[in-house]
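What follows is each chain in one-letter form.
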Amino acid sequence: MRALYPGSFDPVTLGHLDLIQRASGLFDEVIVAVLRNPNKQPSFSLEQRLEQLTCATRHLPQVRVASFEGLTVHFALQVQARVILRGLRALSDFEFELQLAHTNASLSAEVDTLFMATAVHHSFLSSSVVKEVARFGGDVQHMVPAAVAEDLHRLFNRAVG
Ligand code: ADP
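Residues numbered from 1 in each chain as written. Predicted model: local features only at pLDDT ≥ 70, side-chain atom pairs only at ≥ 80, totals over all residues. Heavy atoms only, no water.

Peer 1: For the overall build of the protein, give the residues involved together with the corresponding values.
Peer 2: The secondary structure content of the protein amounts to 6 helices and 5 strands. The N-to-C order of helical and strand elements in the protein reads β-α-β-α-β-α-β-α-β-α-α. Relative to its length of 161 residues, the protein is compact, with a C-alpha radius of gyration of 16 Å against a globular reference of 15 Å. Seen through its principal axes, the protein has C-alpha atoms that stretch 50 × 35 × 35 Å. By residue count, 45% of the 161 residues in the protein fall in the buried class. (Helix = DSSP H or I, 4+ residues; strand = E, 2+ residues; numbered from the N terminus. Rg over C-alpha atoms; globule rule 2.2 N^0.38 Å. Buried < 20%, exposed > 50% of the residue type's maximum accessible area, 1.4 Å probe, protein only.)

Peer 1: So what's going on with the layout of surface pockets? Residues and values would help.
Peer 2: If a probe as big as a water molecule is rolled over the atoms, it shows which places are left empty. A volume near 1100 Å³ is recorded for the largest pocket. Going through the elements one at a time, β1 (2-7), α1 (14-24), α3 (72-78), β4 (83-88), α4 (91-107) and α5 (127-135) are the ones with two or more residues in the lining of the largest pocket. In terms of residue count, the dominant contributor to the lining of the largest pocket is α4 (8 residues). Partitioned by chemical class, the residues of the lining of the largest pocket number 16 nonpolar, 18 polar and 8 charged. Lining the second largest pocket we find 15 residues, and of these A134, G138, V140, A149 and H153 sit closest to its centre. Of all the secondary-structure elements, those providing two or more residues to the lining of the second largest pocket are α5 and α6 (146-160). Looking at the lining of the second largest pocket residue by residue, the class counts come to 7 nonpolar, 5 polar and 3 charged. (1 Å grid on protein atoms, 1.4 Å probe; cavity = no way out; pocket = protein on both sides within 12 Å on 5 of 7 lines; lining within 4 Å. Points joined across faces, edges and corners; volume = space filled by probe spheres on them. Nonpolar A, V, L, I, M, F, W, Y, C, P; charged D, E, K, R; others polar.)

Peer 1: Please give an account of the sheet that holds β4 that cites residues and values.
Peer 2: Taken in spatial order, the 5 strands line up as β3-β2-β1-β4-β5 in an open sheet, and their pairing is parallel. Single-partner strands in this sheet number two, and they are β3 (63-68) and β5 (112-117). Across this sheet, the average inter-strand angle for adjacent strands is 30°, counted without regard to direction. Here β4 runs beside β5; their pairing, made up of 6 bridges, is parallel. Of the residues in β5, the one forming a bridge with L88 is A117. α1 contacts β1, β2 (29-35), β3, β4 and β5 of the sheet and is inclined by roughly 115° relative to β5. The strands that α4 touches are β4 and β5; relative to β4, the one it contacts most, it runs at about 170°. (Pairing = 2+ DSSP bridges. Axes fitted to C-alpha atoms, helices over the stretch in contact; angles between N-to-C directions. Contact = heavy atoms within 4.5 Å.)

Peer 1: Give me the pairing of β2: which residues, what numbers.
Peer 2: Among the 7 residues that make up β2, 6 are buried, leaving the element largely enclosed by the rest of the structure. With 6 bridges joining them, β1 and β2 adopt parallel strand pairing. Paired with R2 across the two strands is E29, which belongs to β2. Handedness of the crossover joining β1 and β2 through α1 is recorded here as right-handed. Across 6 bridges, β2 lies against β3 in parallel orientation. Paired with A33 across the bridge in β3 is A66. Remark: the β2/helix α2 (residues 46-56)/β3 crossover connection has right-handed handedness. (Right-handed = clockwise from strand over helix to strand, strands pointing away.)

Peer 1: Lay out α2 with the relevant residues and their values.
Peer 2: Every buried residue of α2 is listed here: L46, R49, Q52, L53 and A56. For α2, the angular spread of buried residues about the axis comes to 130°, placing them on one side. (Arc of directions from axis to C-beta.)

Peer 1: I'd love a proper account of the nonpolar core, names of residues and values included.
Peer 2: The biggest cluster of nonpolar side chains holds 32 residues, and the ones touching the most others in it are Y5, I20, V32, L85, V140, V144 and L152. Breaking this core down by element, the ones donating at least two residues are β1, α1, β2, α2, β4, α5 and α6. In terms of residues, this core owes the most to one element, α6, which gives 5 residues. With residues up to four places along the chain from it excluded, the contact list for Y5 reads H16, L19, I20, V30, I31, V32, A33, L85 and G87. Counting 12 residues, the second-largest nonpolar core is a separate cluster that includes I31, F75, A76 and A81. (Core = buried A, V, L, I, M, F, W, Y, C linked by side-chain atoms within 4.5 Å.)

Function cannot be inferred from these measures alone, as they are strictly geometric.
Structure follows, in structure tokens:
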């Protein structure tokens, strides 16, 4: 079975990667898809985010990296993914995620949403927290892959320099 794991991944964190790794043991194929959202101004370009994800998942043969625009359900149908994967870190994620899952279910009965619990030691991680730490010079080595830590360093050094 093929699963779609959509998100902004701005940037990808070790929390995302833990979920991708575990999902790749459960599904024949996991498509990690970066949403191109014209209403959001990301910190990293689409190309950078694709590169970060491709590099971080290179060792996982079942994982494919893609990008999409528009509705997640439409993209899931297009790539014939039966499942949309979403991660749950805390109760605070739940309300929004459930609303999203119900919305998607109302749009297509052919795609199901599956929630995976975050690894406990990564449950505090979000892309925005990582950026906040990096912006003020904190160590992010235990939060993101090494290449992403370098990208963050470049991003914020340039911004202040
Ligand atoms: P979005 O903007 O769609 O929420 P994100 O890139 O922030 O995109 O997250 C994509 C998915 O990854 C979501 O399902 C989110 O709950 C999940 N996720 C975010 N952080 C973590 C984490 N630390 N561990 C596991 N899953 C996470």
